[in-house]
2 protein chains.
Amino acid sequence: MLLSDELKSYIRDVADFPKPGIVFKDITTLLKNPQALQKASDALFELIQHEKIDKVVGIESRGFFFGAMLASRLQAGFVPVRKPKKLPSKVFSETYALEYGTDTIEIHQDAILSGDRVLVHDDVIATGGTAQAACALVEKAGGTIVQVSFLIELSFLNGRDLLKGFNVQSVIRY
Amino acid sequence: MLLSDELKSYIRDVADFPKPGIVFKDITTLLKNPQALQKASDALFELIQHEKIDKVVGIESRGFFFGAMLASRLQAGFVPVRKPKKLPSKVFSETYALEYGTDTIEIHQDAILSGDRVLVHDDVIATGGTAQAACALVEKAGGTIVQVSFLIELSFLNGRDLLKGFNVQSVIRY
């Protein structure tokens, strides 16, 4: 079986979450399985292992799972991008459009050094708005984005269109 | 230098966060440093490496960082304990007292199998209420708690008193 098909078999579809009409891709059923967790971590690591990475940026909060593992495996630092009022020190903020309304994410101003080579990671890319905002925060802080990686890409939502110019990678595509 | 003193040098004190009078221990300054991240991960791993662990339970959301790394290193599954309405499938809930009011955390009902050997992890133990509730969730799901580990223990708050009967470990104490 293809790795991506094997990993798909561990992902649970939850109908009408977080709101009616949306089929949520639940990765907790993959995370709780030791073999699936390791294979997913390996697949993400193999996409980036030949690059020198200074910081892995994980997006709150499901991007923290594999983001932290990748930082450890790459011998890089880990930087969380968080929702407002979660980070205690001075932050850069970025507001982006949702289907209805807006959302904001933040990064500590001292989290990235000028010239740092950065991997940005989240569990899922849907419309790409959150990842685009995270990339803007990393560049505002002076980082160079080497790769933007996702465990799951919902390719019918064309999220890559918002990440033009970046090296976008994913392990599982729907 | 003692490891715990060395790691302390990477932790930032932020006054009056999240509210006036509280000095917040900010671990993002440790996470972003590759050497400090690795040393902290190693220290937590060494506390548990000789035990067979089926699941690592990480508490939302700063418990996800080292929790996920530990799961990968222990070849265990990873299970997030989350705030209400974040987990998409059926959950067990546990409500616990705060200084003012209450809080609730949840775990997926199918996350832990009966007899699973579990490591519960969070970044900081303060009064111990959250960790106690997380342990109650794991036991409700049928798991056996082998260890409860924290990167940081605020020992003047006596959080261990709420975790009597469990094997409680920490790397850095204040």
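Here the structure is shown first, and the text comes after it.
Residues numbered from 1 in each chain as written. Chains lettered and ligands numbered in written order. Predicted model: local features only at pLDDT ≥ 70, side-chain atom pairs only at ≥ 80, totals over all residues. Heavy atoms only, no water.

(A) Representation of the interface of chain A and chain B in the model. Listed as interface residues are 38 residues of chain A and, on the opposing side, 38 residues of chain B. The contact between chain A and chain B buries some 3,000 Å² in all, and 59% of this surface belongs to carbon and sulfur atoms. Three residues stand out in chain A for area buried against chain B, namely Lys32, Phe65 and Pro88 of chain A, and they jointly supply 20% of the buried area on that side. Seen at the junction of chain A and chain B, the total is four salt bridges. A salt bridge links Asp110 of chain B to Lys32 of chain A; the shortest N-O distance between them is 3.9 Å. Remark: the boundary between chain A and chain B carries 14 residue pairs in polar contact (both at pLDDT 80 or more). When contributions to the side of chain A that touches chain B are tallied by element, the ones reaching two or more residues are β1 (12-15), β2 (23-26), α2 (28-31), α3 (34-46), α4 (63-74) and β4 (77-81) of chain A. Of all the elements, α4 of chain A adds the most residues to the side of chain A that touches chain B, at six residues. Among the residues forming the side of chain A that touches chain B, the class breakdown is 18 nonpolar, nine polar and 11 charged. (Contact = heavy atoms within 4.5 Å. Buried area = accessible area lost by both parts, 1.4 Å probe. Salt bridge = Lys/Arg side-chain N within 4 Å of Asp/Glu carboxyl O. Polar contact = N/O pair within 3.5 Å; in protein donor to acceptor, adjacent residues only side chain to side chain. Helix = DSSP H or I, 4+ residues; strand = E, 2+ residues; numbered from the N terminus. Nonpolar A, V, L, I, M, F, W, Y, C, P; charged D, E, K, R; others polar.)

(B) Focus on the relation of the copies chain A and chain B. Mapping chain A onto chain B calls for a screw motion: a turn of 180° about the axis and a shift of 0.0 Å along it, with 0.0 Å RMSD after fitting. Here the symmetry operator amounts to a two-fold rotation axis. Among all residues of chain A, the one whose C-alpha sits closest to the rotation axis is Met69 of chain A, at a distance of 2.5 Å. The overlap is high: 100% of the interface residues of chain A also sit at the interface in chain B, so the same surface is used on both sides. (Least-squares fit on C-alpha atoms with pLDDT ≥ 70 in both.)

(C) Main features of the sheet that holds strand β7 (residues 117-125) of chain A. Residue and element names in this part refer to chain A. Taken in spatial order, the five strands line up as β4-β3-β7-β8-β9 in an open sheet, and their pairing is parallel. Each edge of the open sheet carries a strand with a single partner, namely β4 and β9 (168-173). Across the sheet, the mean angle separating the axes of adjacent strands is 20° when strand polarity is ignored. (Pairing = 2+ DSSP bridges. Axes fitted to C-alpha atoms, helices over the stretch in contact; angles between N-to-C directions.)

(D) Layout of the sheet that holds strand β3 (residues 55-59) of chain B. All names here are of chain B. Across the sheet, five strands lie side by side as β4-β3-β7-β8-β9; this open sheet has parallel pairing. Either end of the sheet is taken by a strand with one partner, and the two such strands are β4 (77-81) and β9 (168-173). Adjacent strand axes in the sheet meet at a mean angle of 20° when their direction is disregarded. Bridge count between strand β7 (residues 117-125) and strand β8 (residues 144-153): eight bridges; the pairing is parallel. Of the residues in β8, the one forming a bridge with His121 is Ser149. Lying on the sheet, helix α3 (residues 34-46) is in contact with β7, β8 and β9; it crosses β8 at an angle near 150°.

(E) Structural view of α3 of chain A. Residue and element names in this part refer to chain A. End to end, α3 covers 18 Å across 13 residues, agreeing with the expected 18 Å (1.5 Å per residue, within 8%). The set of residues buried in α3 consists of Ala36, Leu37, Ala40, Ser41, Ala43, Leu44 and Phe45. Its side-chain oxygen at 3.0 Å from the backbone nitrogen of Gln35, Asn33 defines the N-terminal cap of α3. (Expected span 1.5 Å × (residues − 1). Buried < 20%, exposed > 50% of the residue type's maximum accessible area, 1.4 Å probe, protein only.)

(F) Seen up close, the packing of aromatic side chains. Counted under the stated rule, the structure contains eight aromatic pairs over all chains. Measuring from ring centre to ring centre gives 5.0 Å for Phe17 of chain A and Phe24 of chain A, while their planes differ by 75°; the resulting arrangement is edge-to-face. Neither residue differs from the other here; Phe17 of chain A and Phe24 of chain A are each classed as buried. Their ring planes at 55° and their centres at 4.9 Å tell us that Phe64 of chain A and Phe65 of chain B sit as a pair that is tilted. On the criterion of chain membership, the pair formed by Phe64 of chain A in helix α4 and Phe65 of chain B in helix α4 (residues 63-74) is interchain, its members lying in two chains. Like Phe65 of chain B, Phe64 of chain A is buried. Ring pairs connect the aromatic residues Phe64 and Phe78 of chain A together with Phe65 of chain B, which therefore count as one cluster. Between Lys8 of chain B and the ring centre of Tyr174 of chain B, over which it is positioned, the NZ or CZ distance is 4.7 Å. (Phe/Tyr/Trp six-rings, centres within 6.5 Å; stacked < 30°, edge-to-face > 60°. Lys NZ or Arg CZ within 6 Å of the ring centre and 35° of its normal.)

Remember, this is a structural readout, not a statement about activity or role.
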